[in-house]
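# Secondary and tertiary structure notes
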Amino acid sequence: MNASGKNGTRVGVYVCHCGSNIAGIVDVKSLAEFGATLPGVVVSREYKYMCSDPGQELIQQDVRDHQLNRIVVASCSPLLHEQTFRTATAKAGLNPFYCHMVNIREHDSWVHEERQAATEKAKDLVRAAVRRVAFHKPLEKRQVPIHPDVLVVGGGIAGIHAALTLANARKHVYLVEREPTIGGHMAKFDKTFPTLDCAACILTPKMTAVKRHPNITLWTYSEVTQVDGYVGNFKVTVKRKPRYVSEDVCIGCMECIEACVYKQAKYPDEFNLGLGKRKPIYIPFPQAVPPVPVIDPETCIEFKSGKCKKTCVEACGERKGINFKQVESIETIEVGNIVLATGFQVFDARRLPYYGYGKHPNVYTSLEVERLINASGPTAGEVILRDGRKPKTVGILHCVGSRDENTNRWCSRVCCMYSLKLAHLIKEHTGAEVFNFYIDIRTPGKGFEEFYQRLLKEGVHFIRGKGAEVNTWPLDPSEEGKLIIRVEDTLIGRIRRIPVDMVVLAVGLEPHVDAQDVRRLFNISCSQDGWFLERHPKLAPVNTFTDGIFLAGCCQGPKDIPDTVAQAGAAASEALALIDAKFVELEPNTAYVLEEVCSGCKTCVALCPYSAISFLEDKKKALINEALCKGCGTCVAACPSGSIRQNLFEDEEIFEEIKGVLAYA
Amino acid sequence: MPEKKPESSSGSPNGFEPKIVAFFCNWCTYLAADLAGTSRMKYAPNVRVIRVMCSGRIDPQFVLDAFAKGADGVLIGGCHPGDCHYQEGNYKALRRYRLLKRVLREMGIEEERFHLEWISASEADRLKSTVNNMVEKVRTLGPLRLETKSELFPEEVTVS
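Described below are features of the structure shown in this document. (Residues numbered from 1 in each chain as written. Chains lettered and ligands numbered in written order. Predicted model: local features only at pLDDT ≥ 70, side-chain atom pairs only at ≥ 80, totals over all residues. Heavy atoms only, no water.)

Within helix H1 (residues 29–38) of chain B, eight of the 10 residues are buried, which leaves the element mostly enclosed by the surrounding structure. Of all the residues in H1(B), the buried ones are Thr29(B), Tyr30(B), Leu31(B), Ala32(B), Ala33(B), Asp34(B), Ala36(B) and Gly37(B). (Buried < 20%, exposed > 50% of the residue type's maximum accessible area, 1.4 Å probe, protein only. Helix = DSSP H or I, 4+ residues; strand = E, 2+ residues; numbered from the N terminus.)

Set out below in structure tokens:
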């Protein structure tokens, strides 16, 4: 077989200007002229926007007028527009896989400054594509059915909203949450900005709706441990940790907690960030879903010594809900799509010792203050210091672990607004004088700026300057027993000392400590900062590079509740779009065996990570199961006899590309 | 249009501009190169990228062929260990790379001309520095001139 038009290939080359994105650096005119000189090229054109309708129509018209049978489009990354040009090729009556794209934008005009060098590079790449495309074969996309069930990972507001949206569309949803209850961070908040509606009032109805919904299987205290398969056909393993109280029989009467031999709660309560106490058998918070207690084997006497009176078992009586012998169980489910809504963790303020968190008892994080303000919190809604006093002055330090080269570079987006909210609530609850220490006040949201203006009118103080330190060294008797915030007030250009009773650190949001493990588990990417990476920051904000896996909420980056809910809805509808399409088309880049050449050495069999290669004992030949092959091509490269080939990435195609880029025209 | 000289491709005194063929995997390194583009990073224009689905697809013959056809250097880019989209294709690539590096050494092809780097989809910076470093190194080495090298082969194997 020979390229260069001898076997009847008639190539059309299309050079896109992309406005000035490409044409500004690459000499598109000379590139198109160069294209015309290449063997086999019948038409070579440049056009302002190839991806536009007229651009695509150009291709179709040329196919009709010049009987083209191969198309080369030199424009942006194939990951952006390969589908567009394949469709245009198909509309022209050709097999869509007779089209090949050359990336002269992301890989050329955007990264080089010298016009000549960039144009030379573009020419090499176009030459390679023209050589390659001659070897393209007509291919068919593979169709695989989509399993209608969906897995949602994470039961915060993002996961809850996504699960409910899907379930309301009559799809079955598995909602997996690793904590004993759903609700996430939002369940800990008191009020939400800027409307000041109570978080529990808007969240808990949704939580109970999840529990009640016939289409939702809720697994709390559970973790995904393995994910196999691909879009439409994922096989997921979920580990369900024992809570030692049977969810099937428990009715949530809480009498077991009442009856526990510990009359007083004794152990730090995780839900209240250690500000309150709980018993070894507990429920995270009164509205927890499911309303089923958990036994902590670390603190329960029965687990520690086996000599407990087991008053809890007695209290449960006939129902026999408490089961000390419960063990971890493993569930395996099949789903077609996965929504990841694993959320965030708050910045650990201990990493900034100059703010004295963990050293000075009256330095709190913002999340702790949320719990203090919350009526169902450890102080029943009273903002009091650890010694029981009511604070008369409070300082809120913004940007703790955000916008800082030494910790996290990003803006956590919600801290300004929640700090304003806390300032308002603290003032409301205690009448204290409240100081905000800020770098910039960022209020870009509906009603946000108005809320800021309201706070200014309420008499909350705003001092522009990043807090330098919090210490307890008084310089005069009025500072005795106070926390002293040192700050440069950048509006008056002076260092100031503000003595306060209580310091609130507005901690930022950061990716979960195990985000990288989760990312690997689901085979997706993270951005440099560790947030899950979306497929395209603007055009595919909830998609990932792995088809069938979608992102919702803060696991993708810091965002507030409205944005989280919007994203969760988007993720759910992306999944619904796939489910309703009933099947998905996969790239036909699978490997196949040329039986007559196969020597039966079995080298490939062990290499395949998907066990797609079997060995036919009777014929002594390898056989690739197309349905299992994911198209990595590892076996192709390894086959010593060259009998394994790969659609779209045939050896000849790549050898031609090598020749092409190295100017062997 | 005025032509600016970027620091990355300052050019050597003898005007030699190395030609480097790169094989990037579709999921990590090709994406990193796309990201470098969308971030408008500037790097040396000497690399020609050939996309493969996985670094595990890179047949040693591709590398040998590139050198034989006139490449001054070959760069392989894949996902970090443990991050392969296809689970373990990059490990296979690494094995072949190690072996091939020894073969190339025997052929008189300098070590710096063949390089493998793990570059994830978010590491546009790393892509830029990898390309620039490689171009610099190969530029210092000069053209490969495989034909001159191969003329020397008979002398080398003659037992004196």
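We now examine the interface of chain B and chain A. Contact residues are listed per partner, giving 59 residues for chain B and 56 residues for chain A. Interface area, chain B with chain A, both sides summed: about 5,000 Å², of which 57% is carbon and sulfur. Looking at the side of chain B facing chain A, the largest losses of area belong to Arg48(B), Arg57(B) and Lys69(B), adding up to 14% of the total buried there. Connecting chain B to chain A are six salt bridges. With its nearest N and O atoms 3.0 Å apart, the salt bridge here joins Arg519(A) to Asp83(B). Where chain B packs against chain A, one counts 19 residue pairs in polar contact (both at pLDDT 80 or more). Residue assignment for the side of chain B that touches chain A shows that the elements contributing at least two residues are strand E1 (20–25), H1, strand E2 (47–52), helix H2 (60–68) and helix H3 (89–106) of chain B. (Contact = heavy atoms within 4.5 Å. Buried area = accessible area lost by both parts, 1.4 Å probe. Salt bridge = Lys/Arg side-chain N within 4 Å of Asp/Glu carboxyl O. Polar contact = N/O pair within 3.5 Å; in protein donor to acceptor, adjacent residues only side chain to side chain.)

Let us now look at the sheet that holds strand E26 (residues 494–500) of chain A. Residue and element names in this part refer to chain A. With respect to topology, three strands assemble into an open sheet ordered E24-E25-E26, the strand pairing being antiparallel. Whereas interior strands pair on both sides, the edge strands pair on one side only; in this sheet they are strand E24 (467–471) and E26. In this sheet, adjacent strand axes meet at a mean angle of 20° when their direction is disregarded. Bridge count between E24 and strand E25 (residues 483–489): four bridges; the pairing is antiparallel. Bridge assignment links glutamate 469 to a residue of E25, and that residue is arginine 486. (Pairing = 2+ DSSP bridges. Axes fitted to C-alpha atoms, helices over the stretch in contact; angles between N-to-C directions.)

Looking down a regular strand, the side chains alternate between one sheet face and the other. Residues and elements named next belong to chain A. Where strand E32 (residues 613–616) lies against strand E33 (residues 621–624), four bridges are found, and the strand directions are antiparallel. Bridged to leucine 616 within E33 is lysine 621. Taking the residues between adjacent antiparallel strands as the criterion, E32 and E33 are bridged by four residues, where lysine 620 takes a positive phi near 60°.

Now for the packing of helix H18 (residues 651–661) of chain A against H2(B). For any two helices packed against each other, the geometry comes down to the angle between their axes and how far apart the axes lie. The N-to-C vectors of H18(A) and H2(B) enclose an angle of 25°; their axes lie 10 Å apart at closest approach. Between H18(A) and H2(B), the angle is such that the two are roughly parallel. Every pair of crossing elements has a handedness; the one defined by H18(A) and H2(B) is right-handed. On the side of H18(A), the interface is formed by Asp651(A), Ile654(A), Phe655(A) and Ile658(A), while H2(B) contributes Gln61(B), Phe62(B), Asp65(B) and Ala66(B). Within the contact of H18(A) with H2(B), the residues separate by chemical class into five nonpolar, one polar and two charged. (Parallel < 35°, antiparallel > 145°, perpendicular 65-115°, else oblique. Left-handed = near helix turned anticlockwise from the far one by under 90°. Nonpolar A, V, L, I, M, F, W, Y, C, P; charged D, E, K, R; others polar.)

Quick look at the packing of aromatic side chains now. Residues and elements named next belong to chain A. The full count for this structure, using the stated rule, is 15 aromatic pairs over all chains. Through successive ring pairs, a cluster of aromatic residues spans Tyr244, Phe303 and Phe324. Positioned above the aromatic ring of phenylalanine 189 is the side chain of lysine 421, whose terminal nitrogen or guanidinium carbon lies 5.4 Å from the ring centre. Positioned above the aromatic ring of tyrosine 610, the side-chain terminus of lysine 630 is 4.0 Å from the ring centre. (Phe/Tyr/Trp six-rings, centres within 6.5 Å; stacked < 30°, edge-to-face > 60°. Lys NZ or Arg CZ within 6 Å of the ring centre and 35° of its normal.)

A word on the nonpolar core. In terms of nonpolar packing, the biggest core is built from 100 residues, with Ile71(A), Ile644(A), Ile658(A), Phe23(B), Val63(B) and Phe114(B) touching the most fellow members. When residues no more than four places from it in sequence are discounted, the contact partners of Val63(B) are Ile58(B), Val74(B), Ile76(B), Leu100(B), Leu104(B) and Phe114(B). Membership of the second largest hydrophobic core comes to 59 residues, among which are Val150(A), Ile182(A), Ala341(A) and Phe550(A). (Core = buried A, V, L, I, M, F, W, Y, C linked by side-chain atoms within 4.5 Å.)

This paragraph deals with the sheet that holds strand E12 (residues 233–240) of chain A. Residue and element names in this part refer to chain A. Read across the sheet, three strands follow the order E11-E12-E17 without closing on themselves; strand pairing throughout is antiparallel. Two strands close off the open sheet at either side, each with one partner strand: strand E11 (222–230) and strand E17 (329–335). Shown here is a sheet whose adjacent strand axes are inclined to one another by a mean of 20°, direction ignored.

Inspection of the entire model under this criterion finds two disulfides over all chains. In this model, Cys198(A) is linked to Cys201(A) through a disulfide, with the two sulfur atoms separated by 2.1 Å. Disulfide Cys198(A)-Cys201(A): the torsion about the S-S bond is 95°, which places it as right-handed. With a relative accessible area of 51%, Cys201(A) lands in the exposed category. Across the disulfide from Cys28(B) sits Cys79(B); the S-S distance is 2.4 Å. Of note, the bridge from Cys28(B) to Cys79(B) carries an S-S torsion of about 105° and is right-handed in sense. Within this pair, whereas Cys28(B) is found in the loop between E1 and H1, its partner Cys79(B) is found in the loop between strand E3 (73–78) and H3, the two being separated by 51 residues in sequence. For the residue pair Cys28(B) and Cys79(B), the accessibility class agrees, reading buried in each case. You can see Cys76(A) has no disulfide; the closest cysteine sulfur is in Cys18(A), sitting 6.5 Å from it. Residue Cys300(A) stays outside any disulfide, its sulfur separated by 5.9 Å from that of Cys308(A), the closest cysteine. On the basis of relative accessible area, Cys300(A) is assigned to the buried category, the value being 9%. (Disulfide = S-S within 2.5 Å.)

Taken as a whole and assessed by the stated rule, the structure comprises 57 salt bridges over all chains. Salt-bridge contacts for Lys69(B) lead to Asp65(B); the nearest nitrogen and oxygen are separated by 2.6 Å. A single burial state applies to Lys69(B) and to Asp65(B), both of which are buried. Glu111(B) is the partner of Arg105(B) in a salt bridge, and the nearest nitrogen-oxygen pair spans 3.6 Å. Ionic contacts of the salt-bridge type, sharing partners, join the residues Glu82(A), Arg86(A), Lys141(A), Glu587(A) and Arg51(B) into one network.

Once that is clear, we can look at the pairing of E3(B). Residue and element names in this part refer to chain B. Burial analysis of E3 places six of its six residues in the buried class, the great majority of the element. Residues Gly73, Leu75 and Gly77 line one face of E3 and the alternating positions Val74, Ile76 and Gly78 line the opposite face, and both faces are buried. Pairing between E1 and E3: five bridges, direction parallel. When the sheet's bridge partners are listed, phenylalanine 23 is paired in E3 with isoleucine 76. Pairing of E3 with strand E4 (residues 114–118) involves five bridges; the strand directions are parallel. Bridge pairing in E4 links valine 74 to phenylalanine 114.

All names here are of chain A. Assignment of secondary structure puts phenylalanine 271 in the loop between strand E13 (267–268) and strand E14 (277–278). Sequence separation of phenylalanine 271 and aspartate 517 is 246 residues, and the distance between their C-alpha atoms is 24 Å. Residues in contact with phenylalanine 271, not counting those within four places in the same chain, are Ala187, Lys188, Pro284, Phe285 and Arg371.

Function cannot be read off these values alone, since they describe shape.
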